[in-house]
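# Residue-level structure breakdown
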Amino acid sequence: MKLQQQDPQIYDLIKKEITRQKEGLEMIPSENHTSEAVLEALGSRLTDKYSEGYPGMRYYGGCENVDVVENLARDRAKELFGASWANVQAHSGCPANQAVYFALCDPGDTVMGLKLFHGGHMTHGLKLNFSGTIYHSVQYGCREDGFIDLDEMRSLAHEHKPKLIVTGGSAYPQIYEWAKYKEIADEVGAYLLADMSHVAGLVAGGMHPNPVGIADVVTTTTHKTLRGPRGAIIMANGNPSTPLTKVERSKENIPTLVDRAIIPGLQGGPHNHQTAAIAVALKEARQPAFKNYAKQIVVNAKTLAEELLSKGYQLVTGGTETHLLLINLGNKDITGKQGEKALGLAGITVNKNTIPHDPRKPFDPSGIRLGTPALTTRGMKEAEMRVVANMIDRALTNHGDENALTRIHDEVKEMTKNFPLSPKLA
Ligand code: DSN
């Protein structure tokens, strides 16, 4: 029996969500629209299969097909990013980062990451997260101009001698300077983790420096700019040792340590449907069309930035070099929370976000974070970005006027008719 007959409530909600996505502009920079092929793999019978362990070393029978699926996903990840080892089993970004901590640190060890409220991530040492409770977390931040404060990072590293330095983030519009972070990590003998979740698609498409080969270990989610299903990849150079060989904590042994952190350390059976969908997305990301996609994401973000600046908006760091913009609404008569709501009513989905040194609280901060990966997937280019900037400006300016916001949403519905959700793959 099909979903519509068996569970009409869930069926209707899925339909409604598809309509919401089609008739709106998804501008949360960590979101994207996957291909039909990725969706097909996700909805496959592979979800039924248990396969704890790794290809060729499973605790269950019947793994002959999922072994090949997982090897394909691992090989495609290694080839795309130039790594000699990849693990594709972490269920998503937080567990991927957790596995790296588990592999390389003991409880109580000092770790260092970018403050969440300066554009970092919960798993980079937030006090309320495992990374800030199990470990002793020291946090670096951004300068007043919004750029990561490398001087602070260096002096905190020398003062606290962290075991692990975590880099990357979730609301930083500029290039992550992996080589500079590595220099600091080497000065104090720390492991360097590069969490490239936000920019992985830009890395794959040659629009952002690749941390693989620089950082000791790299994590990424697969569903942001990389345009795959929800999931994660962990990569390093080096090779895992044979099963059951005891290994010391060292850079060379990171593959073995992380494989064992994932299972038996943290997770049970891998999500084979998800692994297959990751493999499909990685194949897509190897196509020449994906390079054009990555380039257009950045061109679109820069166009949007220029338009918003010309309308008097302040952007953290003054602009963007990536897929993401962080607007500081401090000079406007509106907060981040009000901005998110007004734009939502106008059919433009963004999220409220703190800005570095925000005078306001995280639940009603001064900023909104937005980006271009999903709109670029739909085929939108510079001309559409100019229209979108105009709509954003009108929605924020008229945030108290529901009729004006509804009229903008009507314009959004009209505009999006020409832009299907599925990406063009060639
Ligand atoms: N939730 C992700 C983001 O929106 O950036 C980070 O995990």
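Residues numbered from 1 in each chain as written. Predicted model: local features only at pLDDT ≥ 70, side-chain atom pairs only at ≥ 80, totals over all residues. Heavy atoms only, no water.

In the nomenclature of an unreviewed UniProt entry, the chain is known as Serine hydroxymethyltransferase. Listed under Cofactor (unreviewed entry) in UniProt, the entry text for the chain is "pyridoxal 5'-phosphate". Word for word, the UniProt comment on the chain under Catalytic activity (unreviewed entry) is "(6R)-5,10-methylene-5,6,7,8-tetrahydrofolate + glycine + H2O = (6S)-5,6,7,8-tetrahydrofolate + L-serine". (UniProt positions renumbered as here; feature names shortened; annotations may be inferred.)

## Comments concerning the overall build of the chain
Summing up its helical and strand segments, the chain has 16 helices and 15 strands in all. Taking 426 residues into account, the globule formula puts the C-alpha radius of gyration at 22 Å, and the chain, at 22 Å, falls close to it. Across its three principal axes, the chain shows a C-alpha extent of roughly 65 × 60 × 40 Å. A separation threshold of at least 6 residues defines the contact pool for the chain, and within that pool the share at least 24 residues apart is 71%. Just so you have it, the chain exposes about 18,100 Å², and 52% of that area is on carbon and sulfur atoms. Averaged over its 47 positive side-chain charges, the chain has a centre that lies 3 Å from the centre of its 48 negative ones. (Helix = DSSP H or I, 4+ residues; strand = E, 2+ residues; numbered from the N terminus. Rg over C-alpha atoms; globule rule 2.2 N^0.38 Å. Contact = heavy atoms within 4.5 Å. Areas by Shrake-Rupley, 256 points an atom, 1.4 Å probe, with all protein chains shown as cover. Lys, Arg positive; Asp, Glu negative; His and termini not counted. Charge placed at Lys NZ, Arg CZ, Asp CG, Glu CD.)

## Points about the UniProt feature "modified residue: N6-(pyridoxal phosphate)lysine" (unreviewed entry) in the chain
Under the UniProt annotation, the feature "modified residue: N6-(pyridoxal phosphate)lysine" (unreviewed entry) is placed at K224. Relative to the helices and strands, K224 resides in the loop between strand 9 (217-221) and strand 10 (232-236). When sequence neighbours within four positions are dropped, the list of residues in contact with K224 reads S30, N32, S197 and H198.

## Some words on helix 8 (residues 178-188)
Within the span of helix 8, buried status applies to W178, Y181, K182, I184, A185 and V188. Buried residues along helix 8 cover an arc of 160 degrees about the axis, so they all sit on one side. Of the surrounding elements, those touching the buried residues of helix 8 are helix 7 (150-160), strand 7 (164-168) and strand 8 (191-195). Directly beyond the C-terminal end of helix 8, a positive phi value near 70 degrees is found at G189. (Buried < 20%, exposed > 50% of the residue type's maximum accessible area, 1.4 Å probe, protein only. Arc of directions from axis to C-beta.)

## Observations concerning the packing of helix 13 (residues 336-345) against helix 15 (residues 382-397)
Relative to each other, helix 13 and helix 15 sit at 120 degrees, their axes nearing to 9 Å. Comparing their axes, helix 15 and helix 13 come out oblique. As for how helix 13 packs across helix 15, the hand of that crossing is right-handed. For the pair helix 13 and helix 15, the contacting residues are G339, A342 and L343 in the first and I392, A395 and L396 in the second. (Axes fitted to C-alpha atoms, helices over the stretch in contact; angles between N-to-C directions. Parallel < 35°, antiparallel > 145°, perpendicular 65-115°, else oblique. Left-handed = near helix turned anticlockwise from the far one by under 90°.)

## Observations regarding the packing of helix 5 (residues 93-104) against helix 10 (residues 254-266)
Their axes nearest at 8 Å, the elements helix 5 and helix 10 cross at an angle of 115 degrees. By the angle between their axes, helix 5 is roughly perpendicular relative to helix 10. The crossing of helix 5 and helix 10 is right-handed. For the pair formed by helix 5 and helix 10, the contact residues are P95, Q98, A99, F102, A103 and L104 on the first element and I254, L257, V258, A261, I262, G265 and L266 on the second. Per-class residue counts for the contact of helix 5 with helix 10 are eleven nonpolar, two polar and no charged. (Nonpolar A, V, L, I, M, F, W, Y, C, P; charged D, E, K, R; others polar.)

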